[in-house]
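A closer look at the structure
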Amino acid sequence: MDDLERAIIVSFDQSGGVDSVLKSQAIVFCQHIKEAPTICRLCVEKLRFCQIVQVQFWCLQTLHEAIRAKYSSISSEEKDFIKKSVFSIACYDEDCGGLLAGPPFIKNKLAQVIVTLIYFEYPLIWPSVFVDFLPHLSKGGVVIDMFCRVLNALDDELISLDYPRRSEEVAVAGQVKDAMRQQCVPQIVRACYDILSMYRNSDSEICAAVLDTLRRYISWIDISLIANDVFLPFLFELMLFDGIPEQFRGAAAGCVLAVVSKRMDPQSKLSLLKNVQISRVFGLVSDNSDSELASRVASLLTGYAVEVLECSKRLTEETKGTSFELLDEVLPSVFYIMQNCEVDTAFSIVQFFSGYVSAMKSLSPLTEKRLYHVSQILEVIRSQIRYDPIYRDNLDTLDKIGKEEEDRMVEYRKDFFVLLRSIGRVAPDITQAFIRNSLDAAVTSSGGNIEEVEAALSLLYALGESLNEETIRSGKGLLSDLVPKLLASRFPCHSNRVVALVYLDTITRYAKFVQENTQYIPMLLTAFLDERGIHHPNINVSRRASYLFMRVVKSLKSNLVPFIETILQSLQDIVAQFTNVDYSLKALSASEDGSHIFEAIGILIGMEDVPVERQSGYLSSLLTPLCHQVEGLLLNSEILTIEEAPGKIATIQQVIMAINALSKGFSERLVTASRPGIGLMFKKTLDVLLQILVVYPKIEPLRSKVMSFIHRMVDTLGASVFPYLPKALEQLLAEIEPKEMASFLLLLNQIICKFNKLAHDVLEELFPAIAGRIFSIIIPMEAIASGPGANTEEIREIQELQQTLYTFLYDIATHDLSSVFLSPKSRHYLDQLMQLLLCTACNHQDILVRKVPGFQKFMIEGFATNCCLYSVLDRSFEFRDANTLILFGEIVLAQKIMYEKFGDDFLNFLSKGFLTMHCPQHLVEQYCQKLQGGDIKSLKSSYRSLIENLRLQQNGSLVFR
C-alpha cells in the first residue's frame with residue numbers, strides 16, 4: 001500500500017478512530033495529488049490493480065470530476081487512454097475486470113464516468129460506444145449488469161425529464177437520442193430480448209435489471225420494437241408465468257405500463273391499447289393483493305385506465321365508443337385495486353374518476369353498467385374518506401396526534417367531496433340512494449363502527465353543498481326520506497366526538513327541509529337538545545351544538561314559538577352553568593362559545609310573536625339572576641384573595657357575554673316603542689354592568705366586555721341610552737390604555753353615525769378629554785414605532801389607532817358636528833389636529849391613510865403647498881399605482897374647491913409657489929386657466945404635466961418643509 005492509498009483510506013474513515021489532524025492532512029494530500037497533470041493515468045492504473053474499495057471509489061470520482069471540469073484541456077491521446085481503459089474495465093477484460101466484482105456503488109460510479117465521456121463524445125467522436133458493448137454481453141451477467149448500469153446512468157444523468165436540465169443538456173440529450181435511434185436502439189432491444197430468453201429460468205435478477213432498463217427507454221424509442229407480435233406477448237407470458245420470481249414478473253409489468261403510456265396520436269394510441277388485451281392480467285391483482293407483483297400489476301391497470309380515458313378525450317365521437325368499451329372492461333379491476341391494493345402515488349384517484357365522471361356527462365342516459373360504475377366510484381370515495389381506526393382515541397380526545405390527523409383529513413377529503421358533488425349532478429338518484437344505504441348500514445351495524453358512521457354522515461353533509469336551497473327545502477328525491485331518518489337516528493357511537501360533530505353539522509345543513517316540513521321540528525329540537533347535541537358529554541361538542549342551534553333558531557324563528565317553553569326547560573341546566581359557578585375553582589374556559597346558547601334564547605324570546613307577559617317573564621328570569629350574580633361578585637371585591645381574583649373576573653366576563661348575546665334577539669323598535677318595559681329591563685342591566693367600571697376600572701378584559709355591551713345597547717335602546725352615555729364614556733376614558741383607544745373611538749363612531757346631531761352634547765363634553773388623551777398616546781407611540789427597537793405589534797397598533805382616529809374626525813365633520821371642534825374647551829386642540837392631519841396627508845407611508853376625505857378647506861399656506869404640491873413631487877408618489885391615482889384625483893379636486901372658496905387669493909398664492917420652483921410660465925398659466933374652467937379631467941391632465949415637468953427639473957428628491 002503506497003502513501004496515496006493510505007491517505008485515501010484515512011480520509012474516508014468514519015469510525016472516529018483516526019486522529020482528526022491526521023485525517024485533515026490526508027485530505028489535503030489527496031487534494032494535492034488531484035492537481036497533478038498525470039492524475040487521470042494514475043487513477044486508471046490504480047483501478048486496474050488496486051482492490052481496495054475506497055481507493056477504487058476515489059479514483060473513479062476523481063476521473064469523473066476531471067473529465068467534467070477539464071475535458072477541453074485534456075489531450076486527445078489522454079482522452080483515448082481514459083476511454084479505452086474504462087471501457088475495458090466495464091467489458092470485463094481479463095486484466096481489468098476485478099472492479100466489476102466490487103459493490104454496486106463502485107459499478108454505478110464507473111457507469112457515471114462512461115456517461116460523462118458519452119456526453120462529450122457521442123456520436124461525433126465515439127460513435128461506436130453502444131455497438132462495441134453488445135458483443136461483450138455474451139460474457140454473462142457481470143457485463144450485462146454493467147451495460148444496464150451505463151444505460152440507467154445515461155437516463156439519470158442526461159435523458160430523463162424527471163430532473164431539471166440546462167438548455168445545453170437538453171440539446172445534447174436530443175442529439176444522443178437521435179443518434180441512438182438511428183444507430184443502435186434496434187440492436188439493444190434485440191439484445192434485451194435474447195438475454196431475457198436465455199436467462200429467464202436461470203438468472204431472474206439480471207432479467208429484472210434488463211427489463212427495468214428497457215422500461216426507461218420505451219418512451220422515446222420506436223414503439224413497434226416492443227409493441228409487436230413477438231415482444232409484447234413475451235412480456236405478458238413473463239407476467240403470467242408463476243414459475244419465476246415476482247420481481248422479474250413485476251419488471252415485465254413495468255415495461256407494459258411504459259408501452260401503454262407511450263405518447264401517440266389518439267387513433268394509433270387507441271389501436272395500441274386495444275391490441276394490448278389487458279384483460280389477460282386482471283386475475284393477478286386478486287391472487288395476492290399484498291404481493292410485489294400485485295402492486296406492479298395494479299400500477300399497470302390504473303395506468304392503462306388513465307391512458308384510455310385521456311385518449312377518449314381526443315377521439316372523434318365515432319371512435320369514442322371503443323375507448324369507453326375498453327374503460328368498461330378495466331374499471332372493475334381498478335375498483336378492486338382502489339379497495340384492496342397499495343395504489344401507486346403517481347396515480348391520482350380523484351383526478352381519474354373526475355375525468356371519468358366528466359366524460360359520463362356526454363353519455364346520457366347512462367347504461368346500467370355505467371350506473372354500476374358510478375356506484376363503485378362512490379364506494380371508493382367512502383373508503384378513501386374513512387378515518388383509520390388506529391386514530392380513534394386520538395380523534396376523540398383531540399390530542400396532538402388527533403389534531404394533526406383531523407387537519408390532514410380535512411385537506412385530503414376536499415377533492416373527494418368535489419368528486420362526490422360532480423357525481424351527484426350526473427347521477428343524483430344513484431348518489432342519494434348510495435348515501436341512504438350507507439346511513440342505513442351505519443345505523444343498523446352492531447355497535448356502530450365509528451369510522452363507517454362518520455364517513456356516511458360526511459357524505460350526506462358534503463352532498464348538501466351541491467343541492468340548492470329549493471331542493472333541500474322541498475325535499476326532492478330521496479331527501480324526504482333521508483332527513484327524517486337522520487333526525488331520528490341515535491348511533492351507538494354518538495358519544496364519539498367526530499361522529500357527534502358531523503351529525504350536528506349535517507342536520508344543520510338540512511334544517512331548511514324542516515322549515516317547510518314543520519312536522520319534523522320536534523325531532524330537530526330533540527336532536528339538538530338531548531345528549532346528541534347541547535347535552536353531549538364532550539364540552540367541545542356541546543359548544544359546537546350551541547352555535548349551530550343558534551343558527552337553526554335564526555332560520556326557523558317564528559316556527560319555534562310554540563316550542564319556546566320546551567326549549568327553555570331543556571336549557572335550564574346549561575343556563576345555570578353561567579349563574580351558579582364557583583369562581584374560586586377557576587374552571588372556566590376562555591372560549592366564548594358558551595354564549596351562543598344565550599343568543600339563541602334571545603332570538604326565541606325576542607320575537608314580537610311572543611306575548612308580552614310571557615316575554616317579560618322569560619327575560620326577567622334570565623336577566624335577574626345574571627345581574628344578581630354580577631352584583632354579588634362586585635361586593636367585597638377588596639377582600640378577595642390573589643387566587644380568587646382571576647376566577648371572579650373570568651366569571652364576570654362570562655356573564656357579560658351571556659347578557660350581550662341575549663340582547664341580540666331584541667330589536668330597537670320592540671324595546672323602545674311597542675314594549676318599553678323590555679327596554680327598562682335592559683336599562684337596569686346596563687346600570688348594573690356599568691358598576692364594573694367603578695369597581696374594576698383598570699381590568700382591560702372587563703372594560704372590553706362592558707364596552708362591547710354598550711355597543712349593543714346603542715343599537716338596542718336607541719336614543720334612550722343617552723342618559724347612560726356620559727358617565728359610561730367618562731369612566732372608560734379615565735383609565736383607558738393606549739391599545740384600547742381604537743376600540744373606544746369605534747364606539748364613538750357608532751354613536752355619531754346612529755344619532756347624528758343628537759350626539760352633539762355628549763361629544764362636546766367629551767372631546768377635550770378625548771383629544772388630550774389621543775395626543776398623549778399617539779405622539780409617544782409614533783416615536784416608539786419609528787425607532788430602531790420597534791416591533792411589528794407596536795407599528796400595527798399605531799397604524800390602527802391613526803386610521804380609527806381619522807375615521808372619527810371624518811364622521812364628526814360629515815354628520816354636522818364640526819362645531820364641536822370650535823367649542824371653547826376644544827379650540828385648544830384644533831391647531832394640533834390640523835397639523836396632525838396635514839402631516840399624515842403629506843407623509844404617511846400608507847396611501848390609503850393619506851387619502852383623507854372631508855378636510856379640503858385647510859389653510860392655503862399649509863394644505864395647498866405641502867399636500868397638494870410638495871407631497872406629489874416626492875418620488876414615492878407613484879402615478880402607476882391605482883390608489884395613488886385616486887389620491888391624486890382628490891388632491892386636484894381639493895384645489896378646485898379651494899379656488900371656489902378663496903378665489904384669486906388661492907390662485908395667486910399657488911402661482912407664486914410654482915414660479916418660485918422655476919416652473920415654466922406657460923404651464924402655470926395653462927394650469928390656472930384649467931382651474932378656473934369646469935373640466936376636472938382636463939385639470940388633472942394639466943396638473944400632472946406640470947408636476948412631471950417639475951420633477952425633471954429637480955433631478956433629485958425634494959426636501960420637505
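Reference entry: report on the structure contained in this document. Small disclaimer: the values here were computed from a predicted structure and weren't measured.

**What about the nonpolar core?**
Within soluble globular proteins, side chains that are nonpolar generally end up buried alongside one another. Within the largest apolar cluster, 302 residues are counted, with the highest numbers of intra-cluster contacts made by Met180, Phe353, Phe549 and Phe808. At eleven residues, the largest contribution of residues to this core is made by helix 8 (residues 141-159). Core analysis: the second largest hydrophobic core is formed by 30 residues, Ala864, Phe888, Leu931 and Ile947 among them.

**Remarks on the packing of helix 39 (residues 741-755) against helix 41 (residues 792-814)**
Packing of helix 39 against helix 41 leaves a shortest axis separation of 9 Å and a crossing angle of 20 degrees. For the element pair helix 39 / helix 41, the angle class is roughly parallel. Considering the relative orientation of helix 39 and helix 41, their crossing is left-handed. Contacts from Met741, Ala742, Leu745, Leu746, Leu748, Asn749, Ile752 and Cys753 in helix 39 reach Glu800, Leu801, Thr804, Leu805, Thr807, Phe808, Asp811 and Ile812 in helix 41. Here the contact of helix 39 with helix 41 is built from residues that sort into eleven nonpolar, three polar and two charged.

**Section: the environment of Ala258**
Among the structural elements, Ala258 can be located in helix 13 (residues 246-260). The exposure class assigned to Ala258 is buried, which follows from its relative accessible area of 15%. When the C-alpha atoms of Ala258 and Gln384 are compared, they prove to be 27 Å apart, with 126 residues separating the residues in sequence. Setting aside its immediate chain neighbours within four residues, Ala258 contacts Arg215 and Ile218.

**A few points about the pattern of salt bridges**
According to the stated counting rule, one finds 48 salt bridges in the structure shown. Put simply, Glu317 and Lys320 hold a salt bridge, and the shortest N to O gap is 3.6 Å. Placement of the pair is Glu317 and Lys320 together in helix 17 (residues 317-340), with a separation of three residues, close to one helical turn. Residue classification places Glu317 among the exposed residues on the basis of a relative accessible area of 61%. Between Glu740 and Arg703 there is a salt bridge, with its nearest N and O atoms 2.9 Å apart. Here Glu740, found in the loop between helix 38 (725-734) and helix 39, pairs with Arg703, found in helix 37 (residues 700-717); they are 37 residues apart in sequence, far enough to count as distant.

**Thoughts on helix 8**
With 19 residues, helix 8 extends 25 Å between its outermost C-alpha atoms, agreeing within 8% with the 27 Å of an ideal straight helix rising 1.5 Å per residue. Buried residues dominate helix 8, accounting for 15 of its 19 residues.

Quick notes on the rules
Residues numbered from 1 in each chain as written. Predicted model: local features only at pLDDT ≥ 70, side-chain atom pairs only at ≥ 80, totals over all residues. Heavy atoms only, no water. Core = buried A, V, L, I, M, F, W, Y, C linked by side-chain atoms within 4.5 Å. Buried < 20%, exposed > 50% of the residue type's maximum accessible area, 1.4 Å probe, protein only. Helix = DSSP H or I, 4+ residues; strand = E, 2+ residues; numbered from the N terminus. Axes fitted to C-alpha atoms, helices over the stretch in contact; angles between N-to-C directions. Parallel < 35°, antiparallel > 145°, perpendicular 65-115°, else oblique. Left-handed = near helix turned anticlockwise from the far one by under 90°. Contact = heavy atoms within 4.5 Å. Nonpolar A, V, L, I, M, F, W, Y, C, P; charged D, E, K, R; others polar. Salt bridge = Lys/Arg side-chain N within 4 Å of Asp/Glu carboxyl O. Expected span 1.5 Å × (residues − 1).

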